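For reference, the chains in residue letters:
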Amino acid sequence: MTTTDPRAVEEDLRQRVTDFLAAHDHTTTDRLEFLRARYDAGLAWVNFPVGHGGLGLPRSFQTQVEVQLAKAGAPDNNPRGNGIGLGMAAPTILAFGTEEQKKKFLRPLWTGEQIWCQLFSEPGAGSDLAAVSTRAVREGGDWVVNGQKVWTSSAHKAQMAILVARTNPEVSKHAGLSYFLCNMDAPGVDVRPLRQITGEAEFNEVFLTDVHIPDSQRLGDEGQGWKVATATLNNERVAIGGGGGGRESGMVGVLSKTWREHPERRGAGQHDKLMRLWVDAEVARVTGQRLRQKLAAGEPGPEGSAMKLTFARIAQEASGMELELLGDEGLRASDWTMKRPQHVDFTGRDATYRYLRAKGNSIEGGTSEILRNVISERVLGLPSEPRVDTGIAWKDLPR
Amino acid sequence: MSDLNLLYTDVEDDLRSSVRDLVAARSEPATVAAVYDGDRSVVDPLWRAIAGDLGLAGLLIPEERGGAGASAREAAVVLEELGRSVAPVPFLTSSVVATTVLLAAEPGGPADELLAGLAAGERTAALVLPLSAGPGEEAPGFTVDGEGRISGSARSVAGALEADVLLVPVRTAQGTAVHAVRADDARVEPVVSLDMTRQLADVTLEAAAGQELLGASAGGDAVRSGLEVGAALLASEQYGVAQWCLTTTIAYLKDRRQFGRVVGGYQAIKHRLADLYAAVESAGAAARHAAATTAAGDADSVVSTAVAQSFVSDVAVKAAEEAVQLHGGIGMTWEHPAHLYLKRAKADQIAFGTPAAHRARLAELVDLPVA
Ligand SMILES: Cc1cc2nc3c(=O)[nH]c(=O)nc-3n(C[C@H](O)[C@H](O)[C@H](O)COP(=O)(O)OP(=O)(O)OC[C@H]3O[C@@H](n4cnc5c(N)ncnc54)[C@H](O)[C@@H]3O)c2cc1C
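Residues numbered from 1 in each chain as written. Chains lettered and ligands numbered in written order. Predicted model: local features only at pLDDT ≥ 70, side-chain atom pairs only at ≥ 80, totals over all residues. Heavy atoms only, no water.

An unreviewed UniProt entry annotates chain B as Acyl-CoA dehydrogenase originating from Blastococcus aggregatus. Quoted straight from UniProt, the Sequence similarities (unreviewed entry) entry for chain B says "Belongs to the acyl-CoA dehydrogenase family." The heading Cofactor (unreviewed entry) in the UniProt record of chain B holds the text "FAD". (UniProt positions renumbered as here; feature names shortened; annotations may be inferred.)

The name given to chain A in an unreviewed UniProt entry is Acyl-CoA dehydrogenase, and the organism recorded there is Blastococcus aggregatus. Quoted verbatim from the Cofactor (unreviewed entry) field of the UniProt record, the comment on chain A reads "FAD". Regarding chain A, the relevant UniProt record gives this comment under Sequence similarities (unreviewed entry): "Belongs to the acyl-CoA dehydrogenase family."

Tallying secondary structure elements over chain A gives eleven helices and eight strands in all. On C-alpha atoms alone, chain A measures out to a radius of gyration of 22 Å, which is about the 21 Å that the 2.2 N^0.38 rule sets for 399 residues. Summarising its shape, the C-alpha atoms of chain A cover approximately 65 × 55 × 45 Å along the three principal directions. Expressed as a percentage of its 399 residues, the buried residues of chain A come to 51%. Excluding contacts between residues fewer than 6 apart, the proportion of contacts in chain A whose partners are at least 24 apart in sequence is 70%. Taken as a whole, chain A presents about 17100 Å² of accessible surface, with 52% of it coming from carbon and sulfur. Averaging the positions of the 49 positive and the 51 negative side-chain charges in chain A gives two centres separated by 3 Å. (Helix = DSSP H or I, 4+ residues; strand = E, 2+ residues; numbered from the N terminus. Rg over C-alpha atoms; globule rule 2.2 N^0.38 Å. Buried < 20%, exposed > 50% of the residue type's maximum accessible area, 1.4 Å probe, protein only. Contact = heavy atoms within 4.5 Å. Areas by Shrake-Rupley, 256 points an atom, 1.4 Å probe, with all protein chains shown as cover. Lys, Arg positive; Asp, Glu negative; His and termini not counted. Charge placed at Lys NZ, Arg CZ, Asp CG, Glu CD.)

On to the side chain of glutamine 101 of chain A, then. Tracing the chain through its elements places glutamine 101 of chain A in helix H5 (residues 99-111). A polar side-chain atom of glutamine 101 of chain A sits 2.9 Å from the main-chain amide nitrogen of threonine 98 of chain A. (Polar contact = N/O pair within 3.5 Å; in protein donor to acceptor, adjacent residues only side chain to side chain.)

Attention now goes to the UniProt feature "domain: Acyl-CoA dehydrogenase/oxidase C-terminal" (unreviewed entry) in chain B. In this numbering, the UniProt entry assigns the feature "domain: Acyl-CoA dehydrogenase/oxidase C-terminal" (unreviewed entry) to residues 219-364 of chain B. For the annotated span residues 219-364 of chain B, helix accounts for 80% and strand for 3% of the residues, and the straight-line distance between the end C-alpha atoms is 24 Å.

Turning our eyes to something else, we now look at the domain arrangement of chain B. How big an interface is tends to be expressed through the accessible area that disappears when the partners come together. Residues and elements named next belong to chain B. Split by domain assignment, chain B resolves into domain 1 (10-123), domain 2 (126-218) and domain 3 (220-365). One C-alpha centre belongs to domain 2, the other to domain 3, and the line joining them spans 29 Å. Contacts between the two partners involve 19 residues from domain 2, matched on the other side by 22 residues from domain 3. Buried area between domain 2 and domain 3, both sides added, is near 1600 Å², and the carbon and sulfur share of it is 64%. Across the contact surface, domain 2 and domain 3 share three salt bridges. (Domains from an automatic or database assignment. Buried area = accessible area lost by both parts, 1.4 Å probe. Salt bridge = Lys/Arg side-chain N within 4 Å of Asp/Glu carboxyl O.)

Okay, the site of the ligand next. As a structural note, the neighbourhood of the ligand is formed by 29 residues, with Ser127, Trp151, Thr367 and Glu369 of chain A together with Arg256 of chain B the closest of them. Around the ligand, the nearby residues trace back to chains A and B. Contact between the ligand and serine 127 of chain A: an oxygen atom at 2.6 Å from a side-chain N or O atom of the residue. Between the ligand and the protein, one listed contact pairs an oxygen atom with a side-chain N or O atom of arginine 256 of chain B at 2.6 Å. When the ligand is considered free in solution it has 970 Å² of accessible area, and contact with the protein chains removes 96% of it. Elements supplying a minimum of two residues to the shell around the ligand: helix H11 (368-379) of chain A together with helix H9 (301-327) of chain B. Here the residues of the shell around the ligand sort into twelve nonpolar, 13 polar and four charged. (Near = heavy atom within 4 Å. Nonpolar A, V, L, I, M, F, W, Y, C, P; charged D, E, K, R; others polar.)

Within this structure's numbering, the places UniProt gives as "domain: Acyl-CoA dehydrogenase/oxidase N-terminal" (unreviewed entry) are residues 10-113 of chain A. Between the end C-alpha atoms of residues 10-113 of chain A there is a gap of 29 Å, over a span that is 59% helix and 0% strand.

Formed by 123 residues in total, the largest nonpolar core has its most connected members in Ile50, Leu82, Phe91, Val96, Leu167, Leu233 and Phe352 of chain B. Broken down by element, the residue count for this core peaks at 16 residues, all from helix H7 (residues 219-255) of chain B. Each residue touching valine 96 of chain B, except ones within four places of it in the same chain, is listed here: Leu60, Ala75, Leu79, Phe91, Val229, Gly230 and Leu233 of chain B. Leu94, Ala125, Val164 and Leu233 of chain A belong to the second-largest nonpolar core, a separate cluster that totals 31 residues. (Core = buried A, V, L, I, M, F, W, Y, C linked by side-chain atoms within 4.5 Å.)

This part is about the packing of helix H8 (residues 267-296) of chain B against H9 of chain B. Each pair of packed helices gets described by two things: the angle between the helix axes and the distance between those axes. Residue and element names in this part refer to chain B. Contact geometry for H8 and H9: axes closest at 8 Å, N-to-C directions at 150°. It follows from the interaxial angle that H8 and H9 lie roughly antiparallel. Seen from above, H8 lies across H9 with left-handed handedness. Classifying every residue of the contact of H8 with H9 by side-chain character gives 15 nonpolar, eight polar and three charged. (Axes fitted to C-alpha atoms, helices over the stretch in contact; angles between N-to-C directions. Parallel < 35°, antiparallel > 145°, perpendicular 65-115°, else oblique. Left-handed = near helix turned anticlockwise from the far one by under 90°.)

The next subject is the environment of alanine 22 of chain A. For alanine 22 of chain A, the location among the structural elements is in helix H1 (residues 6-23). Considered as a pair, alanine 22 of chain A and glutamate 303 of chain A are 281 residues apart in the sequence and their alpha carbons are 41 Å apart.

In this section: the environment of glycine 223 of chain A. Residues and elements named next belong to chain A. Structurally, glycine 223 is set in the loop between strand E8 (218-219) and helix H6 (225-241). A sequence separation of 67 residues divides glycine 223 from histidine 156, and the C-alpha atoms of the two residues are 29 Å apart. In this view, glycine 223 contacts Thr167, His174, Ala175, Leu177 and Ser178; residues no more than four positions away in its chain are not counted.

Here tryptophan 116 of chain A shows up in strand E1 (residues 116-119). Once residues within four sequence positions are removed from consideration, tryptophan 116 of chain A is found in contact with Asn82, Ile84, Gly85, Ala89, Ile93, Phe105, Leu109, Ala158, Met160, Ala161, Ile162 and Leu181 of chain A.

Phi is positive for tryptophan 151 of chain A, which is not a glycine, with a value near 60°. Within the secondary structure, tryptophan 151 of chain A is located in the loop between strand E3 (142-149) and strand E4 (160-166). Given a relative accessible area of 24%, tryptophan 151 of chain A falls into the partly exposed group. Unusually for a residue other than glycine, phenylalanine 352 of chain B sits at a positive phi of about 55°. If you trace the backbone, phenylalanine 352 of chain B turns up in the loop between helix H10 (338-350) and helix H11 (355-365). Exposure remark for phenylalanine 352 of chain B: the relative accessible area of 5% places this residue in the buried category.

Turning to the interface of chain A and chain B, a few remarks are in order. Counting residues at the interface gives 48 residues for chain A and 46 residues for chain B. Taken together, both faces of the contact between chain A and chain B bury some 3800 Å²; the carbon and sulfur share is 60%. The largest share of the area that chain A buries against chain B comes from Leu331, Arg332 and Trp336 of chain A, three residues that together contribute 20% of it. Between chain A and chain B we count seven salt bridges in total. Among the ionic pairs, lysine 359 of chain A bridges to glutamate 321 of chain B, the shortest N-O distance being 3.2 Å. Run the count over chain A and chain B and you get 27 residue pairs in polar contact (both at pLDDT 80 or more). Broken down by secondary-structure element, the contributors of at least two residues to the side of chain A that touches chain B are helix H8 (268-295), helix H9 (304-326), helix H10 (351-358) and H11 of chain A. Within the side of chain A that touches chain B, the residues separate by chemical class into 16 nonpolar, 16 polar and 16 charged.

Below, the structure is given as structure tokens:
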């Protein structure tokens, strides 16, 4: 598409969807075939390049496509079921992958044939992700990986993983990392559930023992892992905190609904608090809108950290307030049994779940403390904390 | 306003260590966590040891009525320890709230026998109101017919699962009366609760037999003072919760390293913990003040209780939330006990009136009307 007039783009896009629907009757086409065809027509993620499910358009045009397809009753790719794949792995593969890697992985990722998880954190390397000690050693055309990952959401249902591992312990910790695409069904991948605060096991421990990964599944250069991982994390922060829903779409929407449904529980003090949160959420929404406009062409940088910081705070305050507002009903939970959730829904289920799950929002994808460091050091240019872990080989670091 | 002692006496310190030792020996976080999976086997023996062996169930009951003749100060110390260990025992609901209600009954009346049973740790009682009801929110959900049979229901009642006798506030034309109903004569349905260490139940009575312990002239005030004392002393439990969260988090952050440094050495973290310390210390003072004024029968007790509930509830939640956050991923797990404290703190915040409700009440008490 050459034109830059947004209205012309909209019209062209509408026509493309109409033509696509005419050529592919979703009522008679197999769901997966339909999704694959949608990908091939460039209507999967319009901001991706032609040939990889997109049309090279600004991200903002995606909504129009989703709305038009949903109105027609077409099936979607169940994006909730593959948040890490769509929000984090895909943009990273797009940015750093070879043509062959993009061809091989992006389509099944988008259609949901392959669910992805993120093998980053380790017991000793959470905030300090660059300190990971999972080793990848070259053996012929393969890498052999050994180590332990932890807090891995969705590892139990994932077919693929993005993995950060140490390929060179002799250099400084950031310089010795490489980034891999790991098959979760490879021999030596052992996934064990980790029960969490909500009672269920959404995340896992993953033990990697002599897992073979072909060199063709290394993303980016050897030793470039930190740079690639940073791109993933920047995308993650936008994916978690970037919003994109409408007014009252997040936790404040849930709280507002509760408020409207329970006039008997209202009070002057709570009302002021509610309105403050409502305003915060609305401002976050337009801030996200503006950020997405800024990012329309490029890739997210550290600025997205501020969005996630705000998102986590609002989600936690609103869900905490909802429990108080509910009073004796807020004292009731629905279920503590150990389960394997099919997907994570921050604003779904019951108020107790929402409150507890929201606690993770300021930990997952970089804690709020780390995000403040990112903002102050990388956005504001303030001097960094005194560091004892730079300019020294990883193997010689104090542990 | 008198200058009440807000420190701990030697007797109170001794009491604290005996409770702490007993709880440490009998209930570990892992056994406590089992209550979330429906295994309540820790509850009964622990409660029997506290109520009977240590004789703490009768703390608030005067000696001449069979109790230990102690005061709200000592009961508050017990609650600090029970909070610190999220112990799943009905001390607050039976030995504080229900007991306070019963103590309003004239000696020599039908409440005596029950009080003696409570004092001996042989019986356990619960006031049948939602745990969320604060002082002034005691509207009873029960009525009594001409033959003295009681019907009605109450949701989200704390302590009912452990109780063998229920104190039922009954609505009459003359006011609220309080009847005792055997738990066996009630339908007590366990509720999956936010805080399973104080599991709630829905209580339903269908023409149940009861015995009037407090008539309509006295019952309303008795229930209100039960809730008032409950709210006052809950603050000490909340303080115990907050203290555990603070000390456990400090200990962890002195040890945990990231970026080659001890995480507790980062100034951002030090300042956070310093702020939390200031809040928890203040919470301790507010809780102690509420206990001391209550024990002294001081005119300021209602204000100090509203202050304590307005302040300490939020501090306990804050401390628990900080504990989860500052432990990172491990704080989000089932295995780490932080979640037990978060759930207790959040439920306690709603119990006996939310901070917002207490602030609204306080505004009236100190003449600061909203409009
Ligand atoms: C619900 C959930 C889902 C997750 N899913 C995944 C996943 O799918 N894949 C994955 O790889 N990981 C996942 N994580 C892990 C997450 O990324 C880490 O928990 C997080 O990065 C923190 O690491 P940590 O747990 O080791 O805590 P630590 O890094 O040990 O941090 C402990 C505390 O210290 C603070 N802190 C650390 N360093 C500093 C500093 N320099 N300055 C100030 N404060 C500091 C932290 O903010 C935190 O409060 C998930 C976590 C959660 C809670």
